[in-house]
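Secondary and tertiary structure notes
Okay, here's what each chain looks like letter by letter:
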Amino acid sequence: LHNLYEGIAMTERGLLKAFESNGLVKFGQAGEAFDPNRHEALYEYVDPDKEPGTVGQVVKDGFLLNKRVLRPAEVGIVKK
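Model, not experiment: these values are computed from the prediction. (Residues numbered from 1 in each chain as written. Predicted model: local features only at pLDDT ≥ 70, side-chain atom pairs only at ≥ 80, totals over all residues. Heavy atoms only, no water.)

Things to note about the sheet that holds strand β2 (residues 39-45)
The 3 strands lie next to each other as β2-β6-β3, forming an open sheet whose pairing is mixed. The open sheet is flanked by β2 and β3 (55-60), the only strands paired with a single partner. When strand polarity is set aside, the average angle formed by the axes of neighbouring strands in this sheet is 30 degrees. (Pairing = 2+ DSSP bridges. Helix = DSSP H or I, 4+ residues; strand = E, 2+ residues; numbered from the N terminus. Axes fitted to C-alpha atoms, helices over the stretch in contact; angles between N-to-C directions.)

Structure representation (structure tokens):
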């Protein structure tokens, strides 16, 4: 099972490297400021440890193609 995981992780790294060499970049991480042009808010939730109005959880990563949004990141936002 460990070898299967390593193989999948290696495949993902290779695929992302090929994407980046052609201008396709993965984005969307917890802690980023919410930007409606780059993120699609699916839900809001309360978390006292995180800054309100920021991305708290990422459901699906987004992709940029030559600095333009190809697919927005689907995220959960920390409620104010």
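Quick word on the pairing of strand β4 (residues 62-65)
Here 4 bridges tie strand β1 (residues 24-27) to β4, and the two strands are oriented antiparallel to one another. Of the residues in β4, the one forming a bridge with Phe27 is Gly62. In terms of strand pairing, β4 meets strand β5 (residues 68-71) through 3 bridges, oriented antiparallel. Bridge pairing links Leu65 to Arg68 in β5.

A closer look at unusual backbone geometry
Although it is not a glycine, Asn66 sits at a positive phi angle of roughly 55 degrees. For Asn66, the location among the structural elements is in the loop between β4 and β5. The exposed category is assigned to Asn66, whose relative accessible area is 55%. Positive phi outside glycine occurs at Lys67, with the angle close to 65 degrees. For Lys67, the position within the fold is in the loop between β4 and β5. In this structure Lys67 comes out as exposed when scored by relative accessible area, which is 79%. (Buried < 20%, exposed > 50% of the residue type's maximum accessible area, 1.4 Å probe, protein only.)

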